[in-house]
Amino acid sequence: MIPILMLRTTAGALSIDAEASDHLAANPGPGRVHSVFNRVVNVLSDSNKLVALCAGKLDDAPWSVRVDIPHWTKWRLTAGDDVRLSSAAIVFAGRAPGVVRLTEAAKWYTNYVPVDIGHDELGRRAKALAALLYVHGVRGEALTAFDAEIRNCLAQACTALVAAIRRGDAAGVAGAATSLLGLGPGLTPAGDDFLTGMALLAAQPRSRLSWIAPVIGRVLDDGPERTTLLSRTTLREALRGRARQCLLDLLPVLLAPDPDGRLEERLRIHAGPVLGIGHTSGTDILSGLLTGLRLEEELRGFM
């Protein structure tokens, strides 16, 4: 481990996921830089946990640390650089050694939102979210032939998933989820993002979709090579009701009573940051949430 006095670049963490903090305390040890972006550096521990170090303006998320910096450009980190992880610090041992201090970071905890409204109100939320997505979502104009084929496959698999859920068909859900997993380009493919939105709703207390979570979890277990490590981590956490804070902030707007009759305004405020995730990831996640809302509405209307 590099002595801290030798380090040329240091920063303090603003917050850290409580589960990640507990894991680092119980499993200190080596790791490596998995991937480097302008505002996020992903670190993979020897225990195969992916920890995201995020610039301070990003929101909290599972297995993430928010660091008091605007970006990672000056750190000169490279994929494959050695890392040492502990509850006190994450130490980089690359061309330009650096350390992220964790000792003063606030703990971030996931909040859950019970589905606390009836099918009529769920329908109202679904209608409002659909209208917002129509206006502000990524519509995919000027798609390439490859993109158009991905969207066609995505639509077919989503239709199959919805039909299987309506039938209560676990095998059908597994088949459709398998078709969606890894569907599309990027670190979090579109099919995974759609599943993430549905999984997050299914994981909330009193959701009628709760039975699909273990089915999708088994699909993940049976085919870990089907998608990226980052996407697999994101979806697995969503199955437990854990997601980026901007998504958790949106859930009460969709699932809890409307306190002041300003649903559309609050939806615009809280859906905006979600729509900003990735190029199309935010739209795909919200599409999954919308599909889940409509299914919740149906199931509560018949039970």
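It should be noted that the structure appears before, not after, this text.
Residues numbered from 1 in each chain as written. Predicted model: local features only at pLDDT ≥ 70, side-chain atom pairs only at ≥ 80, totals over all residues. Heavy atoms only, no water.

Trainee: Can you walk me through the environment of aspartate 222 in this structure?
Mentor: Along the chain, aspartate 222 falls in helix 6 (residues 212–222). Counting along the chain gives 44 residues from aspartate 222 to threonine 178, while the straight-line C-alpha distance between them is 9.5 Å. (Helix = DSSP H or I, 4+ residues; strand = E, 2+ residues; numbered from the N terminus.)

Trainee: What exactly am I supposed to notice about the pattern of salt bridges here?
Mentor: Pairing is possible between side chains of opposite charge, provided their charged atoms come close. Overall, the coordinates contain 20 salt bridges when judged by the stated rule. Of the charged contacts in the structure, one is a salt bridge between arginine 242 and aspartate 17, with a shortest N-O distance of 2.7 Å. Here aspartate 17 lies in strand 1 (residues 9–17) and arginine 242 lies in the loop between helix 7 (229–238) and helix 8 (245–255), a separation of 225 residues in the sequence. One exposure class covers both arginine 242 and aspartate 17, and it is buried. (Salt bridge = Lys/Arg side-chain N within 4 Å of Asp/Glu carboxyl O. Buried < 20%, exposed > 50% of the residue type's maximum accessible area, 1.4 Å probe, protein only.)

Trainee: Please clarify how the environment of glycine 241 should be interpreted in this entry.
Mentor: Its location among the elements puts glycine 241 in the loop between helix 7 and helix 8. Distance from glycine 241 to alanine 203, taken between C-alpha atoms, is 4.8 Å for residues 38 residues apart in sequence. Among residues more than four places away in sequence, those in contact with glycine 241 are Thr110, Tyr112, Leu200, Ala203, Gln204 and Leu248. (Contact = heavy atoms within 4.5 Å.)

Trainee: Even after reading the chapter, I still don't get the state of the cysteines, so can you show me in this structure?
Mentor: Covalent bonding between the sulfur atoms of two cysteines defines a disulfide. Evaluation of the coordinates by the stated rule reveals zero disulfides. The cysteine cysteine 54 is free of any disulfide, with cysteine 246 supplying the nearest cysteine sulfur at 11 Å. (Disulfide = S-S within 2.5 Å.)

Trainee: Would you mind going over the side chain of aspartate 17 with me for this structure?
Mentor: Since its relative accessible area comes to 1%, aspartate 17 is described here as buried. A polar contact is formed between the side chain of aspartate 17 and the side chain of arginine 242, at a distance of 2.7 Å. Residues contacting aspartate 17, with those up to four places away along its chain left out, are Ala61, Pro62, Trp63, Ser64, Trp108 and Arg242. (Polar contact = N/O pair within 3.5 Å; in protein donor to acceptor, adjacent residues only side chain to side chain.)

Trainee: Can you help me understand the packing of aromatic side chains in this one?
Mentor: For any pair of aromatic rings, the description consists of the separation of the ring centres together with the inter-plane angle of the planes. For the coordinates displayed, the defined rule picks out three aromatic pairs. Aromatic side chains tryptophan 72 and tryptophan 75 sit 5.0 Å apart centroid to centroid with 70 degrees between the ring planes, which places their arrangement in the edge-to-face category. No difference in accessibility class separates tryptophan 72 from tryptophan 75, as the two residues are buried. With centroids separated by 6.4 Å and ring planes inclined at 70 degrees, the aromatic side chains of tryptophan 72 and phenylalanine 92 adopt a geometry described as edge-to-face. Residue tryptophan 72 is found in the loop between strand 5 (64–67) and strand 6 (82–85), and its partner phenylalanine 92 is found in strand 7 (residues 89–92); the two are separated by 20 residues along the sequence. (Phe/Tyr/Trp six-rings, centres within 6.5 Å; stacked < 30°, edge-to-face > 60°.)

Trainee: Whenever I open this one, the pairing of strand 5 confuses me. Can you help?
Mentor: Look at any regular strand and the pattern is simple: side chains alternate between the two faces of the sheet. By the alternation rule, side chains of strand 5 split into Ser64 and Arg66 and Val65 and Val67, which are all buried. Note that strand 1 and strand 5 share three bridges and pair antiparallel. Along strand 5, the bridge assignment pairs isoleucine 16 with valine 65. Where strand 4 (residues 50–55) meets strand 5, four bridges bridge the pair, whose relative direction is parallel. By the bridge assignment for strand 5, alanine 55 is matched with valine 67. (Pairing = 2+ DSSP bridges.)

Trainee: How should the packing of helix 3 (residues 145–167) against helix 5 (residues 190–202) be read in this particular structure?
Mentor: The geometry of a pair of packed helices is captured by two quantities: the angle between their axes and the separation between those axes. Closest axis-to-axis distance for the helix 3/helix 5 pair is 10 Å, and the angle between their directions is 30 degrees. The orientation of helix 3 relative to helix 5 falls into the category roughly parallel. Crossing geometry of helix 3 relative to helix 5 is assigned as right-handed. For the pair helix 3 and helix 5, the contacting residues are Arg151, Leu154, Cys158, Leu161 and Ile165 in the first and Ala190, Gly191, Phe194, Leu195 and Met198 in the second. Residue composition of the contact of helix 3 with helix 5, grouped by class: eight nonpolar, one polar and one charged. (Axes fitted to C-alpha atoms, helices over the stretch in contact; angles between N-to-C directions. Parallel < 35°, antiparallel > 145°, perpendicular 65-115°, else oblique. Left-handed = near helix turned anticlockwise from the far one by under 90°. Nonpolar A, V, L, I, M, F, W, Y, C, P; charged D, E, K, R; others polar.)

Trainee: Help me understand the side chain of glutamine 245 in this model?
Mentor: Here glutamine 245 shows up in helix 8. Within the local environment of glutamine 245, its side chain forms a polar contact with the side chain of aspartate 249, the two groups lying 2.8 Å apart. With residues near it in sequence (within four places) discarded, glutamine 245 still touches Asp59, Asp60, Trp108 and Asn111.

Trainee: Please clarify how the pairing of strand 6 should be interpreted in this entry.
Mentor: Only one face of strand 6 is buried, namely the one carrying Val83 and Leu85, since none of Asp82 and Arg84 on the opposite face is buried. Relative to strand 6, strand 2 (residues 29–36) is paired through four bridges, and the arrangement is antiparallel. Bridge assignment links arginine 32 to a residue of strand 6, and that residue is aspartate 82. Inspection of the sheet shows strand 6 paired to strand 7 by three bridges, in the antiparallel sense.

Trainee: Any chance you could explain helix 1 (residues 18–26) here in plain terms?
Mentor: An α-helical turn contains 3.6 residues, so any two residues separated by three or four positions project in the same direction. Where helix 1 is concerned, the buried positions are Ala18, Ala20, Ser21, His23 and Leu24. In this fold, the buried residues of helix 1 make contact with strand 1, strand 3 (40–45), strand 6 and strand 9 (106–108).

Trainee: Can you help me understand the nonpolar core in this one?
Mentor: Taken as a class, soluble globular proteins show a tendency for nonpolar side chains to be buried jointly. Judged by nonpolar contacts, the single largest core of 64 residues is most densely connected at Leu161, Leu180, Leu209, Leu250, Leu255 and Leu286. Excluding residues within four positions of it along the chain, leucine 286 makes contact with Leu129, Leu133, Leu250, Ala271, Val274 and Leu275. Counting residues in hydrophobic clusters, the runner-up holds 24 residues, among them Val33, Val43, Val65 and Ala105. (Core = buried A, V, L, I, M, F, W, Y, C linked by side-chain atoms within 4.5 Å.)

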